[in-house]
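A closer look at the structure
Residues per chain, in single letters:
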Amino acid sequence: MKRLFILTLLTLALSLTLVAQTNKEPKGVVRFFSRLGRLIDTLAVKGVDPHYIVAPKRPWQVIVKGNVSQSELKMKSTIDGSTIFGEVASDLVWEPTIKTTPSTYAGVWAGYRGYGLGYSWNVGDNDGSFLTFGATGGSYGVNLRIHSFSSDNPEVYYKGIFTYGNNTETISGTESNPLASPIKTRTLMLDAYYMFNGKRFSYAAAYDQSVIQKRSAGSFMVGAMYYYSHINYANDENAAFILLMDDIGRIKQWQLSIGAGYAYNLVPCRGLLINAMFMPMLTVYDRHKTWRYDSNLRDQAINNVLYNEDELIESDYRLKEVPLSVTDSHSPIALNFDTRLSLTYQWNWLFINAYGQFSRFHFKEGCVKGTLLDWYVNASIGVRF
């Protein structure tokens, strides 16, 4: 992925250089980029009020950025404890939380008036990566973000009620639960917005600095968000963890949300821009698919199957090749939201920016449910040329 991004960046830079060095009509690939650039220039200022929004004379941008993010995956299962511990046990609650430490990413973005490509990579201890793509115009914005991370040490809250004769005992606590194989999570989020006041309000001014907002203005807006996630911990050595998650070892989710909200660009002084955006959304399509797995540990714990040893050890765990069941279901319409904040200060050719976003996604399958919380703060410095 890094090589693809670098190759694309070099192609754009070479085309720009060739156009700048000749007064003649360019040819071939250079001619294509030249005409595409002129089209984008026209779209950037089409229909806008120049008293509020202007396009900088230098159209190209290279942005170096740092990103601090954190993802938290909460899952909860409530299973019949008697199937594992016999009649002395009632419902057993198992709530693992996979919370990454604040991750630090570094990256670069390059583009022409808001159309570009960026790539960020982890520079800390966590295993993860981001791939982003953005495109903005006078009245719209489109953003794509792909995030992957993993964790092999979830924190688990557990609670069980056990009855011995006339005595009842509640056992509960929170402990780390190291796993031999990590829980791998991959998410994709694509959101798009349309601003009704594109004449005086610019989304691009706040989030990619491809145009400049000169005066304060706001806009009602509509938007749509597509979300996909894949959570996978279906590994032999995780058989005990899977058993306590009601046999679920893989979860996929697809969501489509639509909504309406408001965004405002505040320009308190020249060069400074403060943006806030809030959009309640209805999740109109929510599909999730779960894989439940059988294992030799499950056979021993539930079906009383005996093996050579009285008790299996972790290295002996084996999942069955064919999943116990695969469930594909849909959830009813639910309320979600999308919110962003941005701060920008710029000069003629140099600008600095910081913005943050918070997202929340939920899924439920039988007695298992989960919530993925995701936030990030991006700080960048960019140059125009």
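Procedures and definitions
- All chains use their own residue numbering, which begins from 1 and follows the written sequence.
- Note on the predicted model: pLDDT of at least 70 is required for a residue's local features to be given, and 80 or more for side-chain atom pairs to be given and counted; whole-chain, interface and lining totals, by contrast, use all residues.
- Side-chain numbers come from the whole structure's heavy atoms, not from hydrogens or water.
- Each helix is a run of DSSP H or I of at least 4 residues and each strand a run of E of at least 2, with the numbering of both proceeding from the N terminus.
- It only takes one pair of heavy atoms within 4.5 Å for two residues to be counted as in contact.
- Within this analysis, patches are made of residues with over 30% relative accessible area and no salt bridge. Like charges are joined at 9 Å or less; nonpolar side chains (Val, Leu, Ile, Met, Phe, Trp, Tyr) at 5 Å or less.
- Using the Shrake-Rupley algorithm and a 1.4 Å probe, accessible areas are obtained, with residue cover drawn only from the displayed protein chains.
- A pairing counts as a salt bridge when a side-chain nitrogen of Lys or Arg comes within 4 Å of a carboxyl oxygen of Asp or Glu.
- Each residue is assigned to one of three classes by its accessible area relative to the maximum for its type, calculated with a 1.4 Å probe on protein chains only: buried under 20%, partly exposed between the two thresholds, exposed over 50%.
- Pairing between strands requires that DSSP locate at least two bridges from one strand to the other.
- The set of buried Ala, Val, Leu, Ile, Met, Phe, Trp, Tyr and Cys residues whose side-chain atoms join them within 4.5 Å is what this entry labels a nonpolar core.

**Overview of the overall build of the protein**
- Helix and strand counts for the protein stand at 6 helices and 18 strands.
- Considering only contacts within the protein whose residues lie at least 6 apart along the sequence, 69% involve residues at least 24 apart.

**Things to note about a nonpolar patch on the surface**
- A surface patch of nonpolar side chains, amounting to about 930 Å² of accessible area, comprises Y140, Y194, F196, F220, V222, Y262, Y264, L266, I274 and L343.
- Those elements giving two or more residues to the nonpolar patch turn out to be β12 (217-232) and β13 (248-266).
- With 3 residues, β13 is the largest single contributor of residues to the nonpolar patch.
- You can see F220 is positioned in strand β12.
- For F220, a relative accessible area of 59% puts it in the exposed group.

**Concerning the pairing of β12**
- Looking at chain direction, strand β10 (residues 183-195) and β12 are connected through 12 bridges and run antiparallel. Its bridge partner being in β12, M195 is matched across the sheet by M221.
- With 16 bridges joining them, β12 and β13 adopt antiparallel strand pairing. Directly across from I231, in β13, lies its bridge partner I251.

**Some words on the pairing of strand β2 (residues 60-80)**
- The pairing of β2 with strand β4 (residues 103-112) spans 10 bridges and is antiparallel. Bridge assignment links K65 to a residue of β4, and that residue is G107.
- Judged from the 17 bridges that link them, β2 and strand β18 (residues 368-384) form a sheet pairing that is antiparallel. Looking at β18, one finds that Q61 is bridged to R384.

**Here's the deal with the environment of M281**
- Considering the arrangement of structural elements, one finds M281 in strand β14 (residues 272-292).
- Separated by 54 residues in the primary sequence, M281 and L335 place their C-alpha atoms 5.9 Å from one another.
- Sequence-distant contacts of M281, defined by excluding residues within four places in its chain, comprise G223, A224, M225, S257, I258, G259, A334, L335, N336, F337 and D338.

**A few points about the pattern of salt bridges**
- Applying the stated criterion to the full structure yields 10 salt bridges.
- Its salt-bridge partner being K76, residue E95 comes within 3.7 Å of it at the nearest N-O pair. Here E95, found in strand β3 (residues 89-99), pairs with K76, found in strand β2; they are 19 residues apart in sequence, far enough to count as distant.
- With a relative accessible area of 25%, E95 lands in the partly exposed category.
- For D374, the salt bridge identified is with R145, shortest N-O distance 2.6 Å.

**Here's the deal with unusual backbone geometry**
- Look at D246: it is not a glycine, yet its phi comes out positive at around 60 degrees.
- Locating D246 in the fold gives a position in the loop between α5 (239-244) and β13.
- The buried category is assigned to D246, whose relative accessible area is 19%.
- Of note in the backbone geometry, D247 takes a positive phi value of approximately 75 degrees without being a glycine.
- Of note, D247 is situated in the loop between α5 and β13.
- Classification of D247 by relative accessible area gives buried; the value is 8%.

**Focus: the side chain of S229**
- Tracing the backbone through its elements, the reader meets S229 in strand β12.
- Setting aside residues no more than four positions away along its own chain, S229 makes contact with R186, T187, I251, K252 and Q253.

**Observations regarding the nonpolar core**
- Counting 54 residues, the largest nonpolar core has M75 and Y233 as the members making the most contacts within it.
- When neighbours within four sequence positions are excluded, Y233 is seen to be in contact with M75, P182, I183, N238, F241, I242, M245, I248 and G249.

**A closer look at the environment of S148**
- For S148, the location among the structural elements is in strand β7 (residues 140-151).
- Among the residues examined, S148 registers a relative accessible area of 19% and is labelled buried.

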